[in-house]
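# Observations on the model geometry
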Amino acid sequence: MQLRQRVLYVTTPTQTYELIVEVAETPEQQARGLMYRTELAENHGMVFLFPRATDAGFWMKNTKIPLSIAFFDKNGRIVRILQMDPCTLPPEESDRCPVYAPGTAYVGALEVNQGWFAARGVKEGDSISFGPWK
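Keep in mind that this is a model prediction, so the values were computed, not measured.

So, how was this worked out
- Residues numbered from 1 in each chain as written.
- Predicted model: local features only at pLDDT ≥ 70, side-chain atom pairs only at ≥ 80, totals over all residues.
- Heavy atoms only, no water.
- Helix = DSSP H or I, 4+ residues; strand = E, 2+ residues; numbered from the N terminus.
- Rg over C-alpha atoms; globule rule 2.2 N^0.38 Å.
- Buried < 20%, exposed > 50% of the residue type's maximum accessible area, 1.4 Å probe, protein only.
- Contact = heavy atoms within 4.5 Å.
- Lys, Arg positive; Asp, Glu negative; His and termini not counted.
- Charge placed at Lys NZ, Arg CZ, Asp CG, Glu CD.
- Core = buried A, V, L, I, M, F, W, Y, C linked by side-chain atoms within 4.5 Å.
- Salt bridge = Lys/Arg side-chain N within 4 Å of Asp/Glu carboxyl O.
- Polar contact = N/O pair within 3.5 Å; in protein donor to acceptor, adjacent residues only side chain to side chain.
- Pairing = 2+ DSSP bridges.

## So, the overall build of the protein chain
The secondary structure content of the protein chain amounts to two helices and nine strands. Radius of gyration (C-alpha) of the protein chain: 14 Å, near the 14 Å computed for a compact globule of 134 residues. Taking the principal axes of its C-alpha atoms as reference, the protein chain extends roughly 45 × 30 × 30 Å. A total of 134 residues make up the protein chain; the buried ones form 44% of that total. Contacts in the protein chain between residues at least 24 apart in sequence constitute 71% of all its contacts with a sequence separation of at least 6. In the protein chain, the 14 positive side-chain charges and the 15 negative ones have mean positions that sit 4 Å from each other.

Here you go:
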């Protein structure tokens, strides 16, 4: 499944970081996410965009990479950051993988390698914005 790519910027009070992200826009793309991948390049990620606010959680079924996820509101403000670990349950039990819910409404979510936000001092209240389409 080929996804569009975008440049995305994560801005803290002192720094702006550039990422190359794949855009999961359709329900099918969002359901698959980063499943089955064994790596995610540094400063790359996947962004999930929703037509209206939601508070739905994400799960790591069939996802092999530990991820950090930032949920953001319509203004691009990060409202929650969570750490998500791969679900290692056997396939017949994978429906019991934990759900990572932000506990608040959001319109987008950004997944990156686990620890990416912490290593750069990115916190809730910082912002996410988009660059030009590729």
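After that view, the rundown keeps rolling.
## Points about the nonpolar core
Core analysis: the largest hydrophobic core is formed by 20 residues, its most contacted members being Phe-58, Leu-67, Ile-69, Phe-71, Met-84 and Ala-109. Elements that contribute at least two residues to this core include exactly strand 3 (44-54), strand 5 (67-72), strand 6 (78-84) and strand 8 (106-113). Not counting the four nearest positions on each side in its chain, Ile-69 is found in contact with Phe-58, Arg-80, Ile-81, Leu-82, Met-84, Ala-109, Leu-110, Glu-111 and Phe-117. Leu-19, Phe-72, Trp-116 and Ile-128 belong to the second largest nonpolar core, which has 16 residues in total.

## Regarding the pattern of salt bridges
Inspection of the entire model under this criterion finds seven salt bridges. Its salt-bridge partner being Glu-25, residue Arg-4 comes within 2.7 Å of it at the nearest N-O pair. Taken together, the residues span a long stretch of sequence, with Arg-4 in strand 1 (residues 4-11) and Glu-25 in the loop between strand 2 (16-24) and helix 1 (27-32) at a distance of 21 residues. Overall, the relative accessible area of 33% leaves Glu-25 in the partly exposed class. Notably, a salt bridge pairs Arg-77 with Asp-73, separated by 3.4 Å at the nearest N-O pair. Residue class for Arg-77 comes out partly exposed when judged on its relative accessible area of 41%. Residue Asp-73 is classed as buried on the basis of its relative accessible area, which comes to 17%.

## Description of the side chain of Asp-73
Secondary-structure assignment places Asp-73 in the loop between strand 5 and strand 6. Reaching out from Asp-73, the side chain makes a polar contact with the backbone nitrogen of Arg-77 at a distance of 2.9 Å. What Asp-73 contacts, discounting residues up to four positions off in sequence, is Val-79 and Val-107.

## Some remarks on the environment of Gly-103
When you line up the elements, Gly-103 lands in the loop between strand 7 (99-100) and strand 8. Separated by 24 residues in the primary sequence, Gly-103 and Val-79 have C-alpha atoms spaced 9.6 Å apart.

## Some details on the pairing of strand 8
Burial analysis of strand 8 places seven of its eight residues in the buried class, the great majority of the element. Bridge count for strand 3 against strand 8 is five bridges, and the pairing is antiparallel. Note that in strand 8 the partner of Thr-54 across the bridge is Tyr-106. Summarising the sheet, strand 5 and strand 8 pair through six bridges and their orientation is antiparallel.

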